[in-house]
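For reference, the chains in residue letters:
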Amino acid sequence: MIRIEALRYRYPGQREIAFADFSLSEGEPWLLLGQSGSGKTTLLHLIGGLLRSQQGQIIIKDTNISGLSEAALDRFRGQHIGFVFQRNHLISALSVRQNLLLAPYLAGVRQDAGRVEAVLEQLGISDKADVNVRELSYGQAQRVAIARALLNRPTVILADEPTSALDDNNCDKVIDLLLDASRLNNTTLVVATHDHRLKHKIPHQINLTQA
Amino acid sequence: MNQLILVWSYLKVKPLHTVLNIFLLALGISVVTVLLLFSQQVSDKVASNTKGIDLVVGAKGSPMQLILCSVFHIDVPTGNIKLSEAERISRHRLVKRSIPMALGDSYQGYRIVGTTRAYAELYNAELQSGAWNEKAFEVTVGSAVASRLGMKVGDQFASAHGLTTDGHDHEAHRYKITGILKPSRTVLDNMILTNVESIWMVHELYEANLNKPQLPSTLVPSVEARDSLRELTTLLIQYRNPLAVIQLPRFINSTSNLQAASPSFETARLFAMIGVGAEVLTGFAVVLILISALSIFLALFNSLKERQYDLAIMRSMGAGRTRLFVTILLEGMFLTCAGSLLGLGMGHVAIAAFMVIIPEGQKAGLSASAFIPAEAWMLTGSLVLGFICSFIPAFQAYRTDIHKVLAGN
């Protein structure tokens, strides 16, 4: 499903980060563990095509995304990858529904109002559909962010520290939500975190150590 | 979700910014619009009103007053001239056509002009209803006069002395309307035409001759040529050939106590004088437009900082760089386009208001609903302006490093 081969990345003026090869199969949740600075976010962004790889291959669903042109990569990202960030980053100028519809619009796929309703229903926030995102609580905003990542039925959801700002109770809720949602949508979930509370929730783990 | 909703949503988040920017630009554009409409229509009017009149001959005084009085009918006469003198000039070999004009009376502020049919022919006037005035005290009225005063063929009225509505009335003589003109968009629309004899009779300078004159005057055939008593106000002259441009004014000014004034020269002089004011206004409007462009640029540029996460998120959802570029560009162009549309509307409303509030505006016959090509250019220009002032912010958005923004927590 997702395969990483001989992947290396170097920030200007810094040491090169070499990533160990690994491959994930479809629908499996994985944990990407490591301390700050170990390259978790870098790897996540490389897989998500937010960062262009310099060496090595990233193969997602038979597509080597390191070989795609910029425009093709944008399109691929929109259609196959969903992101959940630590800070939810909803578009505050838009309502919840518009935020969700933005995903298919920007990915260039059909905007399906029924799909929006279904996802909101799954995440238990259907009553918030027409609320402006500035009026949401943190927890509600996080659900909207997860809904947005799920909307285009992506191949993989990449979550960057989704729980590190949360207390234990909410941490459990969010990770369960992500696990349930990805199972329900048959999506591979990759969570990059240094949050050890997640270790017993997700058995498949990749440890990034500073080489 | 589409591009328009996206752009509109961002504008709606900051209503004060948006309204202020649109209004600032609209203010500048409306001043330019008013000036353009005004100068365009006034110069059209001037051109159509002076068409066919090469020279105006009248009593000594201000040449501009002579033109304003006898071509545009917005000033009082400089005085009268002897009919015999006028005849002498009209017989000059360089004069192709001369039209006598006797002024002095009005009705409800509309000037009664004692003249010949040639005057109406000058403007290709046609009758809307009735017939041309033939006999004394018959009048043909202009379309604007008829519609504003609710006149119809067969109505009668008494004239007043001067150009005001409160001058003393010549109650003894009543004019009768025989015809109404079609709108010509010239000064004729505001005229009441009669023959020269009517004006003389009102002022007791003429009794209907029982005998036909032995040698009829070339200007007013019902009286003897070289009549020494009767007077005209002005004589409108058409040149026979270009040579007259140089010779005729000099001939008139030096060999008689009359003065000759050229409509084209005097109107050019007038425009040169009011042109300074118009230029100051235009400059002011241009400054307004530039300030509003700067303000739009700053608003977009400043909003980029708080929007960098939005932009990065949109990229993460599959939006290409170009999409972000276009979104910001459209935002700026929407602002300038809305501003200039509002400005054009305000300009037209201002002209309409001018014509309602100021009575002279009605007579000026300007049209608030007339559109000129320059307005399409202004609209295009505003889109270009929007492009220019949003290009740099849009390019910044285009260059957003999504990895840096999204990892930078």
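Residues numbered from 1 in each chain as written. Chains lettered and ligands numbered in written order. Predicted model: local features only at pLDDT ≥ 70, side-chain atom pairs only at ≥ 80, totals over all residues. Heavy atoms only, no water.

**Quick word on the pattern of salt bridges**
All chains considered together, the criterion is met by 24 salt bridges over all chains. In this structure, the salt-bridge partner of R77 of chain A is D74 of chain A, at a minimum N-O distance of 2.9 Å. In this pair, R77 of chain A and D74 of chain A both sit in helix α2 (residues 70–80), three residues apart, roughly one turn of the helix. With a relative accessible area of 2%, R77 of chain A lands in the buried category. Classification of D74 of chain A as buried rests on a relative accessible area of 4%. The partner of K135 of chain B in a salt bridge is E138 of chain B, and the shortest N-O contact between them spans 4.0 Å. You can call K135 of chain B exposed: its relative accessible area is 57%. A network of salt bridges, in which partner residues are shared, links E70, D74 and R77 of chain A together with R315 and R321 of chain B. (Salt bridge = Lys/Arg side-chain N within 4 Å of Asp/Glu carboxyl O. Helix = DSSP H or I, 4+ residues; strand = E, 2+ residues; numbered from the N terminus. Buried < 20%, exposed > 50% of the residue type's maximum accessible area, 1.4 Å probe, protein only.)

**Things to note about the interface of chain A and chain B**
Taken together, the contact between chain A and chain B spans 31 residues of the former and 26 residues of the latter. In total, chain A and chain B occlude about 2600 Å² of area from one another, counting both sides; carbon and sulfur atoms represent 61% of this. Taken together, the links from chain A to chain B amount to three salt bridges. Note that R315 of chain B is salt-bridged to E70 of chain A, the shortest N-O span being 3.5 Å. (Contact = heavy atoms within 4.5 Å. Buried area = accessible area lost by both parts, 1.4 Å probe.)

**A few points about the state of the cysteines**
All names here are of chain B. Under the defined criterion, the tally for this structure stands at zero disulfides over all chains. With no disulfide of its own, C337 has C389 as its nearest cysteine by sulfur position, at a separation of 12 Å. The class for C337 is partly exposed, based on a relative accessible area of 21%. (Disulfide = S-S within 2.5 Å.)

**Digging into the sheet that holds strand β8 (residues 156–160) of chain A**
All names here are of chain A. Ordered by their spatial adjacency, five strands build an open sheet running β7-β8-β9-β4-β10, and the pairing between neighbours is parallel. If you trace the sheet from one side to the other, it starts and ends with β7 (81–84) and β10 (204–207), each paired once. Strand-to-strand twist across the sheet, computed as the mean angle between neighbouring axes with direction ignored, equals 20°. Note that strand β4 (residues 29–33) and strand β9 (residues 188–193) share five bridges and pair parallel. Each bridged residue has a counterpart across the sheet, and for L32 the counterpart in β9 is A192. Sheet contacts for helix α1 (residues 40–47): β4, β7, β8 and β9; angle to β8, the most-contacted strand, approximately 155°. (Pairing = 2+ DSSP bridges. Axes fitted to C-alpha atoms, helices over the stretch in contact; angles between N-to-C directions.)

**Digging into the domain arrangement of chain B**
Segmentation of chain B into domains returns domain 1 (3–46 + 276–407) and domain 2 (55–261). Relative to domain 2 of chain B, the C-alpha centre of domain 1 of chain B lies at a distance of 51 Å. (Domains from an automatic or database assignment.)

**A short note on the packing of helix α2 (residues 15–50) of chain B against helix α10 (residues 321–357) of chain B**
Between two packed helices, the angle of one axis relative to the other and the distance separating the axes together describe the packing. Residue and element names in this part refer to chain B. Close contact between α2 and α10 brings their axes to 6 Å; oriented N to C, the two are set at 45°. Taken together, the axes of α2 and α10 lie oblique to each other. Taken as a pair, α2 and α10 cross one another with a handedness that is right-handed. Within the contact of α2 with α10, the residues separate by chemical class into 17 nonpolar, ten polar and no charged. (Parallel < 35°, antiparallel > 145°, perpendicular 65-115°, else oblique. Left-handed = near helix turned anticlockwise from the far one by under 90°. Nonpolar A, V, L, I, M, F, W, Y, C, P; charged D, E, K, R; others polar.)

**Structural notes on the pairing of strand β1 (residues 55–59) of chain B**
Residue and element names in this part refer to chain B. Most of β1 is tucked away: five of the five residues are buried. Pairing analysis gives four bridges linking β1 to strand β11 (residues 234–239), with the strands arranged antiparallel. Directly across from V56, in β11, lies its bridge partner L236. Strand direction decides the pairing type here: β1 and strand β12 (residues 258–261), joined by four bridges, are antiparallel. Bridged to V57 within β12 is A260.

**A closer look at the side chain of N21 of chain B**
Residues and elements named next belong to chain B. Considering the arrangement of structural elements, one finds N21 in helix α2. The buried category is assigned to N21, whose relative accessible area is 2%. Leave out the neighbours within four places in its chain, and N21 touches S292, S295, I296, A299 and L335.

**A closer look at helix α6 (residues 168–184) of chain A**
Residues and elements named next belong to chain A. Its 17 residues give α6 an end-to-end C-alpha distance of 24 Å, which sits within 8% of 24 Å, the value for a rise of 1.5 Å per residue. Listing the buried residues of α6 in full gives C171, V174, I175, L177, L178, L179, A181 and S182. Buried residues belonging to α6 abut β4, β7, α5 (138–150), β8 and β9. Residue N186 follows α6 closely and has a positive phi angle near 50°. (Expected span 1.5 Å × (residues − 1).)

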